[in-house]
Amino acid sequence: MHQLFSALLFILCFSVLNTSNLHAQQTHLVDFLKIEASLNPNSKAKTIKGRFVATFKVLKNTDSIFMDAANIKITDVLTKDFKITSAEKKVWFLGNFNAGEIYTAQFYYEMQPKQALYFFDDEIWTQGQGKYTSHWLPSLDDVNDKIEFDLQFVAPKNKTVISNGVLTDFTQLHQENVWRFNMEKPMSSYLAAFAIGDYAAKILSSNSGVPIKLYYKPKDSLKVETTYRYSKQIFDFLETEIGVSYPWQNYKQVPVRDFLYAGMENTTATIFSEAFLVDSIGFYDRNYINVNAHELAHQWFGNLVTAKSSEHHWLQEGFATYYALLAEKDVFGSDYYYWQLLQSAEQLKARSDEGKGESLLNAKASSLTFYQKGAWALHILREKVGDKPFKIAVKNYLEKYQFKTVTTEDFLNEVKKVSTVTISDFKQNWLQQSAFQSEDAYQSLLKSEFIKKYFEIAALRATPISVKKQQLKTALTFPNDFIGQEAIFQLIDEPFSETIPLYKVAFASNNLYVRQAIALSMQTIPIELYNEFESLLNDASYVTLEAALYQLWSQFPQKRAEFLERTKGIEGFQNKNIRQLWLALAIITEGYNISEKKAYLAELRAYTSRNYSFEIREKAFNYLSELQLWNAETLQNLAEATTHPAWRFSKYSKTLLKNLVQEKKYRSALEQITAQLSSKALKNLNSLLKQ
Ligand SMILES: [Zn+2]
């Protein structure tokens, strides 16, 4: 159902925290209390200048204290009591520091971030986890010292700034505005963040009175309701379910272009990929709900209590995944909840059966382990100890360790205190053991009547069609979304003489997901089903529409112009999947709108430029490659795309460029554009040309 999107869902936030033991040692010497900074990012120069003040309490007499700061240039020092200097990706404070005393360090600095702060023509955003906030703000790469961050930004007059905490002051200068934010509570440095862009906001309030601001770009105003649907319900649900009030002053969410992950739970200010923006049709194919709930859950699990080191990372990702699933259960119901558990159980079992299972306490485990196995562990633990003790343990754990860092033992100890059942076998089987406990998982799944019915139909996969026809017909008559899809997938390789009546029943069910399964799986459209298949073009699903348009266009050449007329002007998802398919088909359909062909080609080629997000560009590159429609401009765009910060996209672009370099005509075309390339793109191209 969410096939196209599953890849994205897997990269929720960032999977592994790099906590260096070297850094941890300093927590015995010093406790950083507060960082105040006035920051002035420059989009053109891709630099950031700041006035910086750190307040810290010395715990043990020492002559040197450091903060992390990559490639920092200190331009002026205001502090007189001790020396401030930079070396080895650090700022050093050198002097006689006495235990128990509080000091402040003040200086001006300039940085040119290579990561963690990303500049686009009309938008700036940060990503601290896995990339280190210390690339744009002196801070601590180690999570174990939590600091209060009060950040202030100088930004162009026409831009909006979003950062951690409450906007307490807004001053209009001659050319720019100053935005001052205030945090009241401390957090780990990787959660400091900001975004600057063209944003408007819709404002809500939770039942408990927490202000919730949902940001969007004015051009996306028609997608606001659908993208953020259920936001208030999710917030209220999580506050009640977790049993601890939302710990921060407010909550904001902002979609940005070209984001590196699905979303990032910066304290009070989640940044997420604008690929999740959907309209009322796209909502049913893929939506923001899971990521919305996941990042919000991190405000407790990750931000309020933070894993001390990587082997406890599941305390963040496992909990966020589990609570997001509970929130989705609240919205979509119990069948959906069990279906998601089944999906992840199948992936975990497959990995485990290959001998690639991982312990949840393995610091280098994959996202699948930290996220999905972590969620499964909590599901099993809750079944084992019971709802009430589970909820009390979670509440006590959060309250006891709030604004601190935690270990797995800290959590288990709270469970032991309130549970009458022993959990040592749980710890062994679900946390330490590398193999996935598929039998336990299977028994748990069978508690769902829906899963039992699904297993009954899935068990028919090897049964001859003649024998199971009646059962499949029943499953398709008033189908469940998931069971109906399973029934359709069992028809794929069977002869139409047997399956046409079943397909007729399936089409007539009017179930969006069952009809989508037909669109995605039927390779040849029999003439007896032509009318039904053609009606898929009217379904409220961009996944269905994309597949159906392509199949119809391919199999009925005489009707191509008609299909194109019917689907003209439809954009589809944020990546313009329908529009780009349509352009590609319109360009190659003989005799169709001949006078417009040049414009269609120009539009498709334009989508490869940096004016568009990488999801749009990747699709456009795909079509240009399929249809061999490259020109100098699009080749240049491809070479530049190899330098993009989103590694999946830059990797995709490099692979495509590598293939082109091997063809003689493109090789010489590429050699001719080298003068127009940025130095980074030129370096990438040259290394391919030399191979
Ligand atoms: Zn996460």
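Everything below is about the structure shown above.
Figured I'd write up the structure that's included with this text. (Residues numbered from 1 in each chain as written. Predicted model: local features only at pLDDT ≥ 70, side-chain atom pairs only at ≥ 80, totals over all residues. Heavy atoms only, no water.)

### Quick word on the nonpolar core
If you look at soluble globular proteins, the nonpolar side chains tend to sit buried side by side.
So, step 1. If you look at the biggest cluster of nonpolar residues, it comprises 226 residues, and the most contacted ones within it are F56, F93, Y323 and F411.
So, step 2. Beyond its immediate sequence surroundings of up to four residues, Y323 is in contact with L238, E241, I242, A297, F301, F390 and V394. (Core = buried A, V, L, I, M, F, W, Y, C linked by side-chain atoms within 4.5 Å. Buried < 20%, exposed > 50% of the residue type's maximum accessible area, 1.4 Å probe, protein only. Contact = heavy atoms within 4.5 Å.)

### Considerations on the pairing of strand β5 (residues 83-87)
So, step 1. As paired elements, β5 and strand β6 (residues 90-97) share five bridges and run antiparallel to each other. Residue A87 lies in a different strand from β6, and its bridge partner there is K90.
So, step 2. The hairpin turn running from β5 into β6, its antiparallel successor, is two residues long, and E88 in that turn takes a positive phi close to 50°. (Pairing = 2+ DSSP bridges. Helix = DSSP H or I, 4+ residues; strand = E, 2+ residues; numbered from the N terminus.)

### Quick look at the packing of helix α4 (residues 231-242) against helix α6 (residues 289-298)
So, step 1. Interaxial distance between α4 and α6 falls to 10 Å at its minimum, and their mutual angle equals 35°. Two packed elements cross with a definite hand, and for α4 against α6 that hand is right-handed. Facing S231, I234, F235 and L238 of α4, the residues of α6 in contact are I289, N292, A293, L296 and A297.
So, step 2. Tallied by class, the residues present in the contact of α4 with α6 amount to seven nonpolar, two polar and no charged. (Axes fitted to C-alpha atoms, helices over the stretch in contact; angles between N-to-C directions. Left-handed = near helix turned anticlockwise from the far one by under 90°. Nonpolar A, V, L, I, M, F, W, Y, C, P; charged D, E, K, R; others polar.)

### With respect to α6
So, step 1. Counting buried residues along α6, 10 of its 10 residues qualify, which places the element largely inside the surrounding structure.
So, step 2. Along α6, the residues classified as buried are I289, N290, V291, N292, A293, H294, E295, L296, A297 and H298.

### As for the packing of aromatic side chains
So, step 1. Tallied over the full model, the rule gives 65 aromatic pairs.
So, step 2. Ring geometry for Y230 and F283: centres 6.4 Å apart, planes at 40°, overall tilted. Here Y230 is found in the loop between α3 (224-227) and α4, whereas its partner F283 is found in helix α5 (residues 282-285), with 53 residues between them in sequence.
So, step 3. Relative accessible area serves as the criterion here: at 4%, F283 is assigned to the buried category.
So, step 4. Note on W430 and F436: the rings are 5.5 Å apart at their centroids and 90° apart in plane angle, and the pair reads as edge-to-face.
So, step 5. Take W430: its relative accessible area is 1%, and that puts it in the buried class. (Phe/Tyr/Trp six-rings, centres within 6.5 Å; stacked < 30°, edge-to-face > 60°.)

### Looking at the sheet that holds strand β11 (residues 160-163)
So, step 1. The antiparallel open sheet is built from four strands, whose spatial order is β8-β9-β14-β11. Pairing within the sheet leaves two strands with one partner each, and these edge strands are β8 (117-119) and β11. Between one strand axis and the next, the sheet turns by 15° as a mean value, whatever way the strands run.
So, step 2. Bridge count between β8 and strand β9 (residues 124-126): three bridges; the pairing is antiparallel. Along β9, the bridge assignment pairs L117 with T126.

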